[in-house]
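Take a look at the letters that make up each chain.
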Amino acid sequence: MESTATKSSQQTIAQFEQNVIPNYPRYPICLVRGEGTYVWDAEGNRYLDLFPGWGCNILGHCPPPVVQAIQEQASRLIHIPNTWYTEPQGEFAELLCTRGFGQAFFCNSGAEAVEAAIKLARLHTPEGRHNIVTFENGFHGRTFAAVTATAQPKYHEGLGPLMAGFRYAPFNDLSAVEDLVSDDTCAILVEPIQGEGGVNIPDEEFLAGLRRIADENNCLLIFDEVQTCMGRTGTWFGYQQWGVRPDILTMAKGIAAGVACGAIIADREVAASLRPGMHASTFGGNPLAMAAGVAAVKMIEEQNLLENCREMSARFQSRLEALKDELPIIDQLRIRGMMVGIDLSIPAGPAVGKCMERGVLVNATHDTVVRLLPPLNVTAEQVDEGCDVLATVLREMADEA
Ligand SMILES: *Cc1c(COP(=O)(O)O)cnc(C)c1O
């Protein structure tokens, strides 16, 4: 496959070193083109991308119906402010709310969606009720409220003072939540499956227990579905896996198949508290992102991708289960839909480079977890190709351990 690069990876890296703030550890590769589950670098090497766009490219790279929708929308109207109505925003809101519930507010990222949810929760509940309970090893983004909600000390270092009004409980610990919730609590905020924290799947009764505690204490339940929305878990939203509905739900990452977009949906009665003038986002709900989101929902339905997600999930499960039986360095598999966590008894970091050398892109998180967020349209052959490489790499790591 021909590369579309005009420079070598080295030339681009040199340009970055001069001009881009080095706040990200980056692999020394410049990616130039993607198609489905594959990407190519400037040197023309091909990679099987099992972590496309950090989970944002939920339909893989450049899905044709989404590309076409963006091109058509770009030639008609790229941006207008929220002082006007646009067809794509109305249509995307309807698609999300009819698959979920309530009414939508649009922004541009996950952290912004979390900010909107926190503001709405504080606006909706009486003054004095301002505390928010969140969970250890959760991840909610990098703005001040979102990072304070993120109960991981490594993300707080040097940033203090943080925002007031957050309380942290261990994930899956309902009695700790009972102890923290009182008449100054406005909301409980949780990821239905903790993503960045290592693909932590809740105990069967946990989310229902949080719903009960929220109801008994007149506070709101917020699910941060930035990572679990848009079919990632095999249903449109993660909450549908457990039949526990939150009052407010945040979305971003895959919501517009790789175009920057965030959103919340909230029950109508709660949503009414986001009064005109209390919150806004200049780029939120822009026609380009909305058109991409509409095309993504339609593609998922027309190509039965929720079903494919569940089938490919079962395939990962059985392939990796066999590997776990063989390799004692695999402590636990945590798989739900296209969220795959392989928890090792040794550091997971080296797996990333070793897989990359063999043409497969994966992620490592929370020290010991190899994480995959494959696109909903991944094929059986690609699952097998990825699992073959993972098997080779994990066997090598087991030998070295
Ligand atoms: C990635 C993530 C965020 C932050 O999203 P950004 O778009 O980077 O701001 C928030 N919550 C969860 C659950 C996430 O996975």
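## Comments concerning the overall build of the protein
Okay, step 1: A count of helical and extended segments in the protein gives twelve helices and 15 strands.
Okay, step 2: For 401 residues, the compact-globule formula gives about 21 Å, and the C-alpha radius of gyration of the protein, at 21 Å, lands near that figure.
Okay, step 3: Projected onto its principal axes, the C-alpha coordinates of the protein cover approximately 55 × 55 × 45 Å.
Okay, step 4: Evaluated residue by residue, the protein yields a buried proportion of 54% over its 401 residues.
Okay, step 5: Taking contacts inside the protein between residues at least 6 apart in sequence as the whole, the part at least 24 apart equals 71%.
Okay, step 6: Split by element, the accessible area of the protein, about 17600 Å² in all, is 51% carbon and sulfur.
Okay, step 7: When the 30 basic and 50 acidic side-chain charges of the protein are each reduced to a single mean position, those positions are 3 Å apart.

## Observations concerning the pairing of strand E1 (residues 31-35)
Okay, step 1: Bridge count between E1 and strand E2 (residues 38-41): four bridges; the pairing is antiparallel. Across the sheet, glycine 34 pairs through a bridge with valine 39, a residue of E2.

## Thoughts on the side chain of glutamine 73
Okay, step 1: Relative to the assigned elements, glutamine 73 resides in helix H2 (residues 64-76).
Okay, step 2: Overall, the relative accessible area of 6% leaves glutamine 73 in the buried class.
Okay, step 3: In contact with glutamine 73, not counting residues within four places along its chain, are Ile78, Pro88, Pro287, Leu288 and Ala291.

## A word on the confidence of the model for the protein
Okay, step 1: Confidence along the protein averages 97 in pLDDT terms, with 99% of residues attaining 70 or more.
Okay, step 2: Considering each helix and strand of the protein separately, the mean pLDDT is smallest for strand E14 (residues 363-365), with a value of 96, and largest for strand E8 (residues 220-224), with 99.

## A closer look at the sheet that holds E14
Okay, step 1: Taken in spatial order, the four strands line up as E11-E12-E15-E14 in an open sheet, and their pairing is antiparallel. Looking at which strands have only one partner, the edges of the open sheet turn out to be strand E11 (330-336) and E14. Within this sheet the neighbouring strands show an average axis-to-axis angle of 25°, counted without direction.
Okay, step 2: Taken together, the six bridges between E11 and strand E12 (residues 339-344) define a ladder with antiparallel strand orientation. Directly across from arginine 336, in E12, lies its bridge partner methionine 339.
Okay, step 3: Lying on the sheet, helix H10 (residues 305-326) is in contact with E11, E12 and strand E15 (369-372); it crosses E11 at an angle near 175°.

## Here's the deal with the nonpolar core
Okay, step 1: Counting residues in hydrophobic clusters, the biggest one holds 101 residues, and the most contacted among them are Leu59, Phe135, Ile188, Leu320 and Ile342.
Okay, step 2: Aside from chain neighbours lying at most four places away, what touches leucine 59 is Val66, Ala257, Ala296, Met299, Ile300, Leu305, Pro375, Leu376 and Asn377.
Okay, step 3: With 25 residues, the next largest nonpolar core counts Cys107, Ala113, Ile118 and Ala271 among its residues.

## Examining the pattern of salt bridges
Okay, step 1: Counted by the stated rule, this structure contains 16 salt bridges.
Okay, step 2: In this structure, arginine 212 engages glutamate 178 in a salt bridge whose closest nitrogen and oxygen atoms are separated by 3.5 Å. Separated by 34 residues along the polypeptide, arginine 212 in helix H7 (residues 206-216) and glutamate 178 in helix H6 (residues 174-180) bring together distant segments of the chain.
Okay, step 3: Here aspartate 247 and arginine 211 are joined by a salt bridge, their closest N and O atoms 3.0 Å apart.

## Some thoughts on the site of the ligand
Okay, step 1: Taken together, Ser109, Gly110, Ala111, Phe139, His140, Gly141, Glu191, Asp224, Val226, Gln227 and Lys253 form the complete shell of residues around the ligand.
Okay, step 2: The backbone of alanine 111 places a nitrogen or oxygen atom 2.7 Å from an oxygen atom of the ligand.
Okay, step 3: For the shell around the ligand, the per-class residue count stands at three nonpolar, five polar and three charged.

## A closer look at the environment of threonine 368
Okay, step 1: Of note, threonine 368 is situated in the loop between E14 and E15.
Okay, step 2: With 19 residues separating them in the primary sequence, threonine 368 and glycine 349 have C-alpha atoms 7.3 Å apart.
Okay, step 3: When residues no more than four places from it in sequence are discounted, the contact partners of threonine 368 are Ile342, Asp343, Leu344, Ile346 and Ala348.

## Some thoughts on unusual backbone geometry
Note: most residues except glycine have negative phi, and most peptide bonds are trans.
Okay, step 1: Along the chain, glycine 160 connects to proline 161 via a cis peptide bond; the corresponding omega equals -5°.
Okay, step 2: Within the secondary structure, proline 161 is located in the loop between helix H5 (144-149) and strand E6 (166-169).
Okay, step 3: Positive phi, close to 55°, is recorded for tryptophan 54, a residue that is not glycine.
Okay, step 4: Along the chain, the position of tryptophan 54 falls in the loop between strand E3 (46-49) and H2.

## Things to note about the sheet that holds strand E5 (residues 131-135)
Either a parallel or an antiparallel arrangement is found when strands of a sheet pair, and the pairing is made through backbone hydrogen bonds.
Okay, step 1: Across the sheet, which stays open at both edges, the seven strands sit in the order E4-E10-E9-E8-E7-E5-E6 with mixed pairing between neighbours. The open sheet has two edge strands, strand E4 (103-107) and E6, and neither has a second partner. The mean inter-strand angle of the sheet, taken between neighbouring strand axes irrespective of direction, is 20°.
Okay, step 2: In this structure, E4 lies alongside strand E10 (residues 262-266), joined through five bridges in antiparallel fashion. Each residue of the ladder has a partner; that of phenylalanine 105, found in E10, is isoleucine 264.
Okay, step 3: In the packing of helix H3 (residues 87-99) onto the sheet, contacts are made with E4, strand E9 (248-251) and E10, and the angle to E4 comes to roughly 125°.
Okay, step 4: Together, E5, strand E7 (185-190) and E8 form the strand contacts of H7, whose direction differs from that of E7 by roughly 170°.

## Comments concerning the packing of aromatic side chains
Okay, step 1: Applying the stated rule across the entire model yields eight aromatic pairs.
Okay, step 2: Pairing phenylalanine 101 with tyrosine 239 gives two aromatic rings, centres 5.8 Å apart and planes at 75°, and the pair type is edge-to-face. Here phenylalanine 101, found in the loop between H3 and E4, pairs with tyrosine 239, found in the loop between E8 and E9; they are 138 residues apart in sequence, far enough to count as distant. Residue phenylalanine 101 shares its accessibility class with tyrosine 239, and that shared class is buried.

Conventions we followed
Residues numbered from 1 in each chain as written. Predicted model: local features only at pLDDT ≥ 70, side-chain atom pairs only at ≥ 80, totals over all residues. Heavy atoms only, no water. Helix = DSSP H or I, 4+ residues; strand = E, 2+ residues; numbered from the N terminus. Rg over C-alpha atoms; globule rule 2.2 N^0.38 Å. Buried < 20%, exposed > 50% of the residue type's maximum accessible area, 1.4 Å probe, protein only. Contact = heavy atoms within 4.5 Å. Areas by Shrake-Rupley, 256 points an atom, 1.4 Å probe, with all protein chains shown as cover. Lys, Arg positive; Asp, Glu negative; His and termini not counted. Charge placed at Lys NZ, Arg CZ, Asp CG, Glu CD. Pairing = 2+ DSSP bridges. pLDDT = per-residue confidence, 0-100. Axes fitted to C-alpha atoms, helices over the stretch in contact; angles between N-to-C directions. Core = buried A, V, L, I, M, F, W, Y, C linked by side-chain atoms within 4.5 Å. Salt bridge = Lys/Arg side-chain N within 4 Å of Asp/Glu carboxyl O. Near = heavy atom within 4 Å. Polar contact = N/O pair within 3.5 Å; in protein donor to acceptor, adjacent residues only side chain to side chain. Nonpolar A, V, L, I, M, F, W, Y, C, P; charged D, E, K, R; others polar. Phe/Tyr/Trp six-rings, centres within 6.5 Å; stacked < 30°, edge-to-face > 60°.

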